[in-house]
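# Coordinate analysis (summary)
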Amino acid sequence: MAIFLLLLLLLVSVVSGDDKAFIGVNIGTDLSDMPSPTQVVALLKAQNIRYVRLYDADRAMLLALANTGIQVTVSVPNDQLLGIGQSNATAANWVARNVIAYAPATNITAIAVGSEVLTALPNAAPVLVYALKFIHSALVASNLDGQIKVSTPHSSSIILDSFPPSQAFFNRSWDPVMVPLLKFLQSTGSYLMLNVYPYYDYMQSNGVIPLDYALFRPLPPNKEAVDANTLLHYINVFDAVVDAAYFAMSYLNITNIPIVVTESGWPSKGDSSEPDATVENANTYNSNLIKHVLNNTGTPKHPGIAVSTYIYELYNEDLRTGSVSEKNWGLFDANGIPVYILHLTGAGTVLANDTTNQTFCVAKEGADPKMLQAALDWACGPGKVDCSPLLQGHPCYEPDNVVSHSTYAFNAYFQQMAKSPGSCDFKGVATITTTDPSYGSCLFPGSIGKNGTVINGTSLVPSSNSTTSGCPSQYIYGNGSFTTSVIIGVLLMSTVFL
């Protein structure tokens, strides 16, 4: 059985009450080289992650989490929902085996019953509320209801007419489920779990939703979406969907249930039909989402009240079926190497994959090859960058082209200059990015290595025993050959490429 894990990355206080707002990350196990539960917990400890959500109640994972102080949400998988929803005894047995057996050593604080049941398993919808109630009754019997909340995640597609948000309502065919479900959440002090994917909203809008609106990018006032009924301004899809859920609940006369977004993210790679599934867009969305939540921005309907959110997902899942994007929602590969470095300046994060606030210098797309070559010559010569990794047989030789080689040299100079202003320009052919350009065994200076350490920048001057010192190295590209000299010493320059 596939095991899924949702990891909370950060925890901050919401401005009202004792509630906490958090950012979470979903970890799937459809990987060819899935880390062991012990390795996952080690990652949690190393990054000071204190909240975990499992998509089942895996024994090995729960044992690994024991005595860690990490708060855990376990889940009833969809394939067990019918049995639990039809039998109080079955629900009590599930709680005994998957909760009581591990408490208090494993700090279980919530149970998610099923996942997107109304849309993914509609035949189980009639027993969904019974399942929640039976699970809760078992907790009451064990005197655990005060510390463990019970809810169920929903797809945002159950909300109809989601814009303007003030006109939104739940699909009325589900009223026989949603009304008692919301009353249950209200009476037990629980929250509505909602999966929000602006990526899919954008993809399915046929151009109606601007990409910037989906990615939390700043919009000019005339581009903001305005709810004509409330005059509230919406500057991103995420807030609009969350507020649509708030309004849909108020349509059913429920106004005091908080929302937790259990899944949200953006894929870093897609097939030809998914041109906007890119590393840059994934980085932009997730970085902006985290800052949005942790700044306690809230939504237009509830300003200042942050919406706790799980990012989908921690690992890329190479064994998942479907489109290319299905395999590429992760922040990390199975070895814990980041797919990209989240850009969270000023967010106060303590995450290892973020605290370095990594930036890199790369060749600008479409730059003149001759200008790139001239700048490469300067970086490897007067710029005193150690370009030996670019020599044939060395880790960064392939691909053997001026764009790849100049990117390495530009970044090495940028890092050795401590990213000082103006050190990534090279007469306009370089640009700064937050995406790590490392690939394969070619780790760029400033990159996080496999063990989580930052790769040091190259030395200012090649060592005296270097086999390349003072020896010209020939780089041959498509339009001819150019000579780059690795030079020791101080050269007088008539032209500076910075």
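The present account deals with the structure reproduced in this document. (Residues numbered from 1 in each chain as written. Predicted model: local features only at pLDDT ≥ 70, side-chain atom pairs only at ≥ 80, totals over all residues. Heavy atoms only, no water.)

What the protein contains, in helices and strands, is 13 helices and 18 strands. Looking at the protein as a whole, 53% of its 498 residues qualify as buried. Across the protein, the fraction of contacts at a sequence separation of at least 24, relative to all contacts at a separation of at least 6, is 68%. In the structure as shown, the protein presents an accessible area of about 21,000 Å², 53% of it carried by carbon and sulfur atoms. (Helix = DSSP H or I, 4+ residues; strand = E, 2+ residues; numbered from the N terminus. Buried < 20%, exposed > 50% of the residue type's maximum accessible area, 1.4 Å probe, protein only. Contact = heavy atoms within 4.5 Å. Areas by Shrake-Rupley, 256 points an atom, 1.4 Å probe, with all protein chains shown as cover.)

Let us look at the pattern of salt bridges. The final tally for this structure, using the stated rule, is 3 salt bridges. Between R320 and E326 there is a salt bridge whose closest N-O contact spans 3.0 Å. The residues R320 and E326 share a single accessibility class, namely buried. Three or more residues joined by partner-sharing salt bridges are found here, namely E317, R320 and E326. (Salt bridge = Lys/Arg side-chain N within 4 Å of Asp/Glu carboxyl O.)

Attention now goes to the nonpolar core. V74, W94, I111, I135, F170, L182 and I259 are the most contacted members of the largest nonpolar core, which has 105 residues in total. Non-local contacts of I259, meaning those with residues more than four positions away in its chain, are made with L192, L194, V242, A245, Y246, M249, V307 and S308. With 26 residues, the next largest nonpolar core counts A363, C387, A412 and F426 among its residues. (Core = buried A, V, L, I, M, F, W, Y, C linked by side-chain atoms within 4.5 Å.)

Another aspect to go through is the state of the cysteines. In total, this model carries 3 disulfides according to the counting rule given. The side chain of C361 participates in a disulfide bridge whose partner is C424; the two sulfur atoms lie 2.0 Å from each other. Residues C361 and C424 are joined through a disulfide that is right-handed, its torsion about the S-S bond being 85°. Here C361, found in strand β15 (residues 360-363), pairs with C424, found in the loop between α13 (402-416) and β16 (430-433); they are 63 residues apart in sequence, far enough to count as distant. Linked covalently through their sulfurs, C396 and C442 form a disulfide whose S-S length is 1.9 Å. Across the S-S bond of C396 and C442 the torsion is about 100°, and the bridge reads as right-handed. Residue C396 is located in the loop between α12 (369-380) and α13, and its partner C442 is located in the loop between β16 and β17 (472-477); the two are separated by 46 residues in the primary sequence. We classify C396 as buried; its relative accessible area is 3%. Bonded cysteines in the protein are paired 1-5, 2-3, 4-6 when counted in the order they occur along the chain. (Disulfide = S-S within 2.5 Å.)

Because each turn of an α-helix spans 3.6 residues, side chains separated by three or four positions end up pointing in the same direction. Between the first and last C-alpha of helix α11 (residues 279-294) there are 22 Å, a value that for 16 residues agrees with the 22 Å anticipated at 1.5 Å per step. Of all 16 residues that make up α11, 13 are buried, and the element is covered over most of its length. Note on α11: the residue one or two positions beyond its end, N296, has a positive phi of about 55°. (Expected span 1.5 Å × (residues − 1).)

In this section: the pairing of strand β3 (residues 51-54). Of the two faces of β3, the one holding Y51 and R53 and the one holding V52 and L54 are both buried throughout. Across 3 bridges, the pairing between β3 and strand β4 (residues 71-76) is parallel. By the bridge assignment for β4, R53 is matched with T73. A crossover links β3 with its parallel partner β4, the connecting element being helix α2 (residues 59-64), and its sense is right-handed. (Pairing = 2+ DSSP bridges. Right-handed = clockwise from strand over helix to strand, strands pointing away.)

Let us look at the packing of α12 against α13. Viewed as axis vectors pointing N to C, α12 and α13 meet at an angle of 40°, and their least axial separation amounts to 9 Å. One way to sum up the angle between α12 and α13 is to call them oblique. Crossing of α12 over α13 shows left-handed handedness. Where α12 approaches α13, its residues P369, L372, Q373, A375, L376, W378, A379 and C380 are matched on the opposing element by V402, V403, H405, S406, A409, F410 and Y413. Of the residues that constitute the contact of α12 with α13, the class distribution is 12 nonpolar, 3 polar and no charged. (Axes fitted to C-alpha atoms, helices over the stretch in contact; angles between N-to-C directions. Parallel < 35°, antiparallel > 145°, perpendicular 65-115°, else oblique. Left-handed = near helix turned anticlockwise from the far one by under 90°. Nonpolar A, V, L, I, M, F, W, Y, C, P; charged D, E, K, R; others polar.)

So, on to the pairing of strand β13 (residues 259-264). With 6 of 6 residues buried, β13 lies mostly within the body of the structure. Bridge analysis of strand β10 (residues 192-195) against β13 gives 4 bridges, and the strand direction is parallel. Of the residues in β13, the one forming a bridge with M193 is V260. As paired strands, β13 and strand β14 (residues 309-312) are joined by 2 bridges and run parallel to one another. Considered in β14, the bridge of S264 is made with I311. Of the crossover connections in this fold, the one passing from β13 over α11 to the parallel β14 is right-handed.

Let us look at the packing of aromatic side chains. Two numbers describe a pair of aromatic rings. These are the distance of the centres and the angle of the planes. Tallied over the full model, the rule gives 22 aromatic pairs. Judged by centre distance (5.7 Å) and plane angle (90°), the rings of Y199 and W329 are edge-to-face. Of the two residues, Y199 is situated in helix α8 (residues 198-203) and W329 in the loop between β14 and β15; the sequence distance between them amounts to 130 residues. Given the relative accessible area of 0%, Y199 is considered buried. Accessibility expressed as a relative area gives 1% for W329, which makes it buried. Aromatic side chains W378 and F426 sit 6.2 Å apart centroid to centroid with 70° between the ring planes, which places their arrangement in the edge-to-face category. (Phe/Tyr/Trp six-rings, centres within 6.5 Å; stacked < 30°, edge-to-face > 60°.)

Two elements in contact, helix α4 (residues 88-100) and helix α6 (residues 125-141), have axes separated by 8 Å at closest approach and are oriented at 55°. Viewed along their axes, α4 and α6 adopt a mutual orientation that is oblique. Two packed elements cross with a definite hand, and for α4 against α6 that hand is right-handed. Across the interface between the two elements, N88, A91, A92, W94 and V95 of α4 pack against F134, I135, S137, A138 and L139 of α6. By residue class, the composition of the contact of α4 with α6 is 8 nonpolar, 2 polar and no charged.

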